[in-house]
Amino acid sequence: MIYPATRNKLELGLIGQFDFLISARLMIFSFILSLSLVGNSQENGSIELELGGVGGFGSVSYSKTFASKNAIDFNYRVGLSYAPIDRNNGSAFIFPVMVHAAYVSSHHQLDFGFGQAITVTTRGSLFARMPLSLGYKFDPMKRVYYRFAYTPIISYLFNFQWEHWGGVTFGFKLGKL
């Protein structure tokens, strides 16, 4: 058995790169699988690019409305984000999964959401946090919309932490309008 203290820097660097490649491929495969599981139809779906927000520094998400009642739309979001953390944890792949309710009034919407953000680091650590979202969604065109939201991230497994955060989203609607 070889202990990490006896390995040279080149070996440790190669092992770290190998672990990163395996983790990256696994995370990308999981993201593609999750998109295929939530539905093959892209009608009424959207692709979203978010700066800040529930994925940390930024994320790419797929969003789809699953129910509407009166002036309230219910939708879900499944996303992927990548963020460097530190030397001990490496980098992180974050998978935010959210459910949103939006009060619709013409081109303006009040948006509330909650969910889970599962984080897997390249060093094998696993974290779960609960993001919230309270924001304003502006839908000026048929295909494009914007969201500005307060998105606190809540840690609750080992100790309770409330991290203040915000996000700006650019969304593009897919399918027939």
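Located above this text is the structure these notes cover.
This structure is a prediction, so every number in the text was calculated from the model and none was measured.

1. Thoughts on the overall build of the protein chain
On a plain count of helices and strands, the protein chain comes out with one helix and 10 strands. Considering only intrachain contacts with a sequence separation of at least 6, the fraction spanning at least 24 residues in the protein chain is 45%. Accessible surface, the protein chain: about 10900 Å² in total, of which carbon and sulfur atoms supply 67%.

2. Things to note about the pairing of strand 10 (residues 166-173)
What you see with strand 10 is a clean split: Gly-167, Thr-169, Gly-171 and Lys-173 sit on the buried side and Gly-166, Val-168, Phe-170 and Phe-172 on the side with no burial. Inspection of the sheet shows strand 7 (residues 144-150) paired to strand 10 by seven bridges, in the antiparallel sense. Bridge pairing in strand 10 links Tyr-145 to Gly-171.

3. Some words on the packing of aromatic side chains
In total, this model carries seven aromatic pairs according to the counting rule given. Judged by centre distance (6.2 Å) and plane angle (75°), the ring pair of Phe-57 and Trp-165 falls under edge-to-face. Of this pair, Phe-57 sits in the loop between strand 1 (45-52) and strand 2 (58-69) while Trp-165 sits in the loop between strand 9 (161-163) and strand 10; the two residues are 108 residues apart in sequence, bridging distant segments of the chain. Judged by relative accessible area, which is 33%, Trp-165 ranks as partly exposed. Between Phe-66 and Tyr-76, the ring centres sit 6.3 Å apart and the planes meet at 25°, which makes this aromatic pair stacked.

4. Topic: the pattern of salt bridges
Any two side chains of opposite charge can pair if their charged atoms end up close together. Considering all chains together, one arrives at six salt bridges under this definition. Notably, a salt bridge pairs Glu-163 with Arg-129, separated by 3.1 Å at the nearest N-O pair. One end of the pair, Glu-163, is in strand 9; the other, Arg-129, is in strand 6 (residues 126-138), with 34 residues separating them in the sequence. On the basis of relative accessible area, Arg-129 is assigned to the partly exposed category, the value being 29%. We note a salt bridge from Lys-173 to Asp-139, for which the minimum N-O separation is 2.7 Å. Here the residue Lys-173 occupies a position in strand 10, and Asp-139 occupies one in the loop between strand 6 and strand 7, the gap between them amounting to 34 residues. The pair formed by Lys-173 and Asp-139 is uniform in burial state, with each residue classed as buried. Within this structure, Glu-48, Glu-50, Arg-77, Asp-111 and Arg-147 form a network of salt bridges that share partners.

Conventions adopted
- Residues numbered from 1 in each chain as written.
- Predicted model: local features only at pLDDT ≥ 70, side-chain atom pairs only at ≥ 80, totals over all residues.
- Heavy atoms only, no water.
- Helix = DSSP H or I, 4+ residues; strand = E, 2+ residues; numbered from the N terminus.
- Contact = heavy atoms within 4.5 Å.
- Areas by Shrake-Rupley, 256 points an atom, 1.4 Å probe, with all protein chains shown as cover.
- Buried < 20%, exposed > 50% of the residue type's maximum accessible area, 1.4 Å probe, protein only.
- Pairing = 2+ DSSP bridges.
- Phe/Tyr/Trp six-rings, centres within 6.5 Å; stacked < 30°, edge-to-face > 60°.
- Salt bridge = Lys/Arg side-chain N within 4 Å of Asp/Glu carboxyl O.

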